[in-house]
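As a plain string of letters, each chain reads:
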Number of protein chains: 2
Amino acid sequence: MPDSSEDQPSDVSEAASPPTRVTLKEIAAHASVSRSTVSLVMQESPLVAAQTRERVRASAQALGYVYNRGAATLRSARTSTLGVIVHDIANPFFSAMVAGIDETLQRRGYVPFLATSGDSPERQARLIARLREQRVDALLLCPAEQTPACVIASFAGWHMPCVEVMRHVGETPHGDFVGADIPSGIAAAVAHLFAQGHRRVALLAGAGDHSADRQRVTGYREAMQRAGLETEIRVHRGELSRRAGLERTLALMQSPSAPTALICHNDLVALGALLALQRLGLEAGHDCAVVGIDDIDEAALAEPALTSIATQPRDIGQAAAELALARIDDPRGDRRRIVLPAPLEIRATTAFPLGTPQESS
Amino acid sequence: MPDSSEDQPSDVSEAASPPTRVTLKEIAAHASVSRSTVSLVMQESPLVAAQTRERVRASAQALGYVYNRGAATLRSARTSTLGVIVHDIANPFFSAMVAGIDETLQRRGYVPFLATSGDSPERQARLIARLREQRVDALLLCPAEQTPACVIASFAGWHMPCVEVMRHVGETPHGDFVGADIPSGIAAAVAHLFAQGHRRVALLAGAGDHSADRQRVTGYREAMQRAGLETEIRVHRGELSRRAGLERTLALMQSPSAPTALICHNDLVALGALLALQRLGLEAGHDCAVVGIDDIDEAALAEPALTSIATQPRDIGQAAAELALARIDDPRGDRRRIVLPAPLEIRATTAFPLGTPQESS
DNA sequence: CAACCCTTTTGGATCGATCCAAATCACGGA
DNA sequence: TCCGTGATTTGGATCGATCCAAAAGGGTTG
């Protein structure tokens, strides 16, 4: 598709608006060819002769032409546009994911519409409607909690590819899906903690009811069972902010049967937990191990450095965008479920066997 | 503008595509009115009779109509679309700002295109070209470093409103601008630090050459002069990540004339500085004061809590979006420069007079 | 009953590109 | 010279909405 010129019309550069807008017709007149030929040039069609192509390009440049993608869309039904709905762009996981999406799309000449649902199905429904009106070529959706299954199902009916990202509605993804293999990461974390001597390994989960949440809980349950720790299973549900992580950990660690290791729903919660331990005078990694999920930049820099299950949001964003583009090219190909590995990054907060005294620094 | 129906066509909900797409024409036939009338209903025009309006709405709903904004755009030259270009969406300041933008736009039925320039003027130029092709109604731009002045100037020529956010090219904003009053915040910080007994107050600035950077440096210089500390002025330039903040502080504090207080370009750098102090066995707020800029969520939760100049990204995003929408409605109104206050949030990292011993906890 | 006004509705032209079938061109071979 | 063939180019219809000037309906009034 055309990558139009970047400078203004070279005639009256100041003041009044040139009342004639530049369209294919003007270029055609200027280059003495037909509108159709100009259109072919704009589409980089191999049909036009090299010489003609150059002449047309020069005319377009000279007149300060800007391709009108909207008009093209009307006829060709392609917008080079893609919708992205997440619940919260301020969450570092999603902003990194969006960065990955943007990177892939820019390379392919697509532009993303970004919108945030705030985890509200109503707002999400409004956004979907709006993106349909804009005729996006596909949608990347991290579905809000409580999204009814019919929402995802309807996309097929109205011929709009939809890739679910990170979460999916229903037990198993209904169509295309991209996510991270968090259960394996949790299994690795539990095994690692077990090897370090931990038995009372608790999970700080979310209070929500979506697949990303359930996945963590069942992953944790199964891993604990495999380690023979079914009696030690403790799932604590609650909010997921940094502040909530702090408060929840404060409460938890002061209870009679405090755990010796925490696996947290995400790094924000885990970083909050680190703060709580610090306030309690406990040393993370010695008195209590902590594992986060996502491995955001901050994890490696925290003090002590946070062990985390790396969900690699940027890669997920890229994979999701690529899948969406592939689906646009081949709408009736087989649906795909891409699950990227989520390796455990072991750092100071789980580096020492339980009970190891901390050395003075 | 229309907020179309949310459910699928009620006839053949499964399998094959209904080969006739639903347009105004189909609705017109179904409701026995003309295309024009249906169009007026979709535009919520007060001209149509209430009864007719209802009948048309019912038909649209029944047929599963989806408004085609692209087609409307072609005639009316409004897209209900707006471009947003920032350098890095993964930066918490910008992701919060984008959240504010999105919030305001959603209320007004607009959808934002989001793109990231990575601070590269070439990439930025490509993105601007692409957004022009999409005919966005306006652009919110945080200009990349080294953006040539002519880029901003050309927007007026091609009739696309552009609001510069946080940074502006040239000495003073060329057109509409929304930013934060960082110089006043820095002045308050210097005065506060001075009152606490600090004299060697250093600035950890960026290495860049854009207004947001210069603004901090001159704000700092002038504040130091006003405090009679012109001989203590130390501007250190370098990278701006959390990691860079850590490394730069490590180097700085081990130099012979280490400062007693640091003002950092942003909170990420300041949080890096806190980590550095910790590693050096120094107590932030006692051995060395630290001030950040932005007041991201994390600042209040850091240990010790970080004093920060609150640039309030969400408010800035909202203000910028509102200004852009106002400019769309009134393209030739007076240009506006909105500078939001950036109050100093005093917390533990500057809470104690210089030399106060730390109490044991 | 005609003239007039106000509210509603309407047909046809239009926005700027793409699609497609048909026309044109260039050139070598019969 | 005429024809076939492949490479280019072209006119006109089309996508789905909006705009506008004009028409139709429905009272009221003189």
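Fair warning: this is a prediction, and the values are worked out from it, not measured in the lab. Within each chain, residue numbers correspond to sequence positions counted from 1 in written order. In the order they appear in the text, chains get letters beginning with A and ligands get numbers beginning with 1. Where totals are concerned, whole chains, interfaces and linings use all residues; where local detail is concerned, this predicted model gives features only for residues with pLDDT of at least 70, and gives and counts side-chain atom pairs only at 80 or more. The side-chain values count all of the structure's non-hydrogen atoms but skip hydrogen atoms and water molecules.

1. Examining the overall build of chain A
Think of it this way: any DSSP run of H or I at least four residues long counts as a helix, any run of E at least two long counts as a strand, and we number them from the N terminus. When helices and strands are counted, chain A shows 13 helices and 12 strands. Restricting the calculation to C-alpha atoms gives the radius of gyration, and the globule rule supplies 2.2 Å times the number of residues raised to the power 0.38. Computed over C-alpha atoms, the radius of gyration of chain A comes to 27 Å, more than 25% over the 21 Å expected from 2.2 N^0.38 for 361 residues, which places it beyond the range of a compact globule. Buried, partly exposed and exposed residues are distinguished by accessible area as a fraction of the type maximum, computed with a 1.4 Å probe on protein chains only: under 20%, between the cut-offs, and over 50%, respectively. A buried classification covers 54% of the 361 residues belonging to chain A. Intrachain contacts of chain A at a sequence separation of at least 6 include 71% that bridge at least 24 residues. Just so you have it, chain A exposes about 15,700 Å², and 51% of that area is on carbon and sulfur atoms. Neither His nor the chain ends is counted toward charge; the positive residues are Lys and Arg and the negative residues Asp and Glu. By convention, the charge on Lys lies at NZ, on Arg at CZ, on Asp at CG and on Glu at CD. Looking at charge distribution, chain A has the averaged site of its 36 positive side-chain charges lying 7 Å from that of its 42 negative ones. In this description, contact between two residues means that some pair of their heavy atoms is separated by no more than 4.5 Å. Each accessible area is a Shrake-Rupley result for a 1.4 Å probe, and residues are judged covered by the shown protein chains and nothing else.

2. Describing the relation of the copies chain A and chain B
Here the copies were fitted onto each other by least squares, based on C-alpha atoms from residues at pLDDT of at least 70 in both. It takes a turn of 180 degrees to lay chain A on chain B, together with a shift of 0.0 Å along the axis; the resulting RMSD is 0.1 Å. The transformation relating the two chain copies, once decomposed into turn and shift, fits a two-fold axis. Looking at the rotation axis and the C-alpha trace of chain A, the residue lying nearest is Phe113(A), at 2.2 Å. An overlap of 98% is found between the interface residues of chain A and their copies at the interface of chain B, pointing to a shared contact surface.

3. Examining the pattern of salt bridges
By salt bridge we mean one thing: a side-chain nitrogen of Lys or Arg within 4 Å of a carboxyl oxygen of Asp or Glu. Going through the model one piece at a time under the given rule, you end up with 28 salt bridges over all chains. The salt bridge involving Glu54(A) is made with Arg57(A); its shortest N-O contact spans 3.6 Å. On the criterion of helical spacing, the pair formed by Glu54(A) and Arg57(A) is a turn pair, its members being three residues apart in helix α3 (residues 50-63). Classification of Arg57(A) as partly exposed rests on a relative accessible area of 35%. The partner of Asp119(A) in a salt bridge is Arg167(A), and the shortest N-O contact between them spans 3.1 Å. Within this pair, whereas Asp119(A) is found in the loop between β2 (111-116) and α6 (121-133), its partner Arg167(A) is found in the loop between β4 (162-165) and β5 (176-180), the two being separated by 48 residues in sequence. Exposure remark for Arg167(A): the relative accessible area of 6% places this residue in the buried category. Via salt bridges that share partners, Arg242(A), Glu298(A), Arg242(B) and Glu298(B) belong to a single interconnected network.

4. A look at the protein's contact with DNA strand D
Only a single heavy atom is needed: when it lies within 4 Å of a molecule or strand, its residue is near that molecule or strand. Around DNA strand D there are 26 residues in total, and Ser36(A), Thr52(A), Leu24(B), Ser39(B) and Tyr65(B) lie nearest to it. Counting only the atoms of DNA strand D that lie within 4 Å of the protein, the sugar and phosphate share comes to 68%. Counted as a polar contact is a pair of N or O atoms within 3.5 Å, where, for protein atoms, one must be capable of donating a hydrogen and the other of accepting one, and residues adjacent in sequence contribute only when both atoms are in side chains. Here Arg21(B) contributes a side-chain N or O atom positioned 3.2 Å from a phosphate oxygen of DNA strand D. For DNA strand D, a base nitrogen lies 3.3 Å from a polar atom in the backbone of Ala71(B). Among the elements of the structure, α2 (35-42) and α4 (69-76) of chain A together with α2 (35-42) and α4 (69-76) of chain B are those that each provide at least two residues to the surface near DNA strand D. Among the elements that make up the surface near DNA strand D, the one with the highest residue count is α4(B) (five residues). Residues are sorted three ways: Asp, Glu, Lys and Arg are charged, Ala, Val, Leu, Ile, Met, Phe, Trp, Tyr, Cys and Pro are nonpolar, and all the rest, Gly among them, are polar. Its residues assigned to classes, the surface near DNA strand D comprises 11 nonpolar, 10 polar and five charged.

5. Thoughts on the sheet that holds strand β6 (residues 201-206) of chain A
Residues and elements named next belong to chain A. When DSSP finds two or more bridges between a pair of strands, those strands are recorded as paired. An order of β7-β6-β8-β9-β10-β12 is seen for the six strands of this open sheet, with the pairing classed as mixed. Two strands bound the open sheet, and with one partner strand each, they are β7 (234-238) and β12 (344-345). Most of the contacts of helix α9 (residues 211-226) go to β6, to which it runs at about 165 degrees, and overall it touches β6, β7 and β9 (289-293). All axes here are fitted lines through C-alpha atoms, helices being fitted over the stretch that makes contact, and every angle between N-to-C directions spans 0 to 180 degrees. Seen against the sheet, helix α11 (residues 267-279) touches β6, β8 (261-264), β9 and β10 (307-309) and runs at an angle of roughly 155 degrees to β9.

6. A short note on the sheet that holds strand β7 (residues 234-238) of chain B
All names here are of chain B. Pairing is mixed across the open sheet formed by six strands, whose spatial order is β7-β6-β8-β9-β10-β12. With one partner strand each, in any of the chains shown, β7 and β12 (344-345) form the two edges of the open sheet. Pairing of strand β9 (residues 289-293) with strand β10 (residues 307-309), which is carried by three bridges, proceeds in the parallel orientation. Its bridge partner being in β10, Ile293 is matched across the sheet by Ile309. Contacts from helix α9 (residues 211-226) reach β6 (201-206), β7 and β9 within the one sheet, and its direction differs from that of β6 by about 165 degrees. Contacting β6, β8 (261-264), β9 and β10, helix α11 (residues 267-279) runs over the sheet at an angle of about 155 degrees to β9.

7. With respect to the nonpolar core
Within the largest apolar cluster, 106 residues are counted, with the highest numbers of intra-cluster contacts made by Met97(A), Leu140(A), Ile263(A), Met97(B), Leu140(B), Ile263(B) and Ile316(B). The criterion is simple. A nonpolar core is a set of buried Ala, Val, Leu, Ile, Met, Phe, Trp, Tyr and Cys residues joined through side-chain atoms within 4.5 Å. Listed in part, the 32 residues of the second largest apolar core include Ile128(A), Leu131(B), Val136(B) and Val169(B).

8. Looking at the protein's contact with DNA strand C
Near DNA strand C, the surroundings consist of 26 residues, among which Leu24(A), Ser39(A), Tyr65(A), Ser36(B) and Thr52(B) are the closest. Considering DNA strand C, the proportion of its atoms within 4 Å of the protein that are sugar or phosphate atoms stands at 69%. In this structure, Leu24(A) approaches DNA strand C through a main-chain N or O atom, which is 2.5 Å from a phosphate oxygen. With respect to DNA strand C, the side chain of Thr52(B) contributes an N or O atom lying 2.5 Å from a phosphate oxygen. Those elements that place two or more of their residues in the surface near DNA strand C are α2 and α4 of chain A together with α2 and α4 of chain B. In terms of residue count, the dominant contributor to the surface near DNA strand C is α4(A) (five residues). For the surface near DNA strand C, the class distribution of residues is 11 nonpolar, 10 polar and five charged.

9. Side note on the state of the cysteines
In a disulfide, the sulfur atoms of two cysteines are held together by a covalent bond. In this description, a disulfide is simply a cysteine sulfur pair whose atoms lie within 2.5 Å. Within the structure shown, the criterion is met by zero disulfides over all chains. No disulfide involves Cys264(A); its sulfur sits 8.6 Å from that of Cys288(A), the nearest cysteine.

10. Side note on the side chain of Arg167(A)
All names here are of chain A. A distance of 3.0 Å separates a polar side-chain atom of Arg167 from the backbone oxygen of Pro143. A polar contact is formed between the side chain of Arg167 and the side chain of His210, at a distance of 3.5 Å. Setting aside residues no more than four positions away along its own chain, Arg167 makes contact with His87, Asp119, Cys142, Pro143, Ala144, Glu145, Phe177, His210, Ser211 and Ala212.

11. Focus: the packing of helix α1 (residues 24-31) of chain A against α2(A)
Residue and element names in this part refer to chain A. Look at α1 against α2: their axes get within 8 Å of each other, and the N-to-C directions meet at 105 degrees. In terms of their interaxial angle, α1 and α2 are classed as roughly perpendicular. Every residue of α2 that contacts α1 at Leu24, Lys25, Ile27 and Ala28 is listed here: Arg35, Val38, Ser39 and Met42. When grouped by side-chain class, the residues that make up the contact of α1 with α2 number five nonpolar, one polar and two charged. Here the angle decides the label: under 35 degrees means roughly parallel, over 145 means roughly antiparallel, 65 to 115 means roughly perpendicular, and every other value means oblique.

12. Digging into the interface of chain A and chain B
With 54 residues of chain A at the contact, the number on the chain B side is 53 residues. At the boundary of chain A with chain B, total buried surface from both sides reaches about 5,200 Å², with 54% on carbon and sulfur atoms. We define buried area as the total accessible area lost by two parts upon association, computed with a 1.4 Å probe and summed across both. Broken down residue by residue, the surface that chain A buries against chain B is led by Arg130(A), Glu133(A) and Leu301(A), which jointly contribute 14%. Counting across the chain A and chain B interface gives six salt bridges. In this structure, the salt-bridge partner of Glu133(B) is Arg69(A), at a minimum N-O distance of 2.5 Å. Counting across the chain A and chain B interface gives 18 residue pairs in polar contact (both at pLDDT 80 or more). Counting residues per element, the side of chain A that touches chain B draws most heavily on α6(A), at nine residues.

On their own, these measurements won't tell you what the molecule is for.
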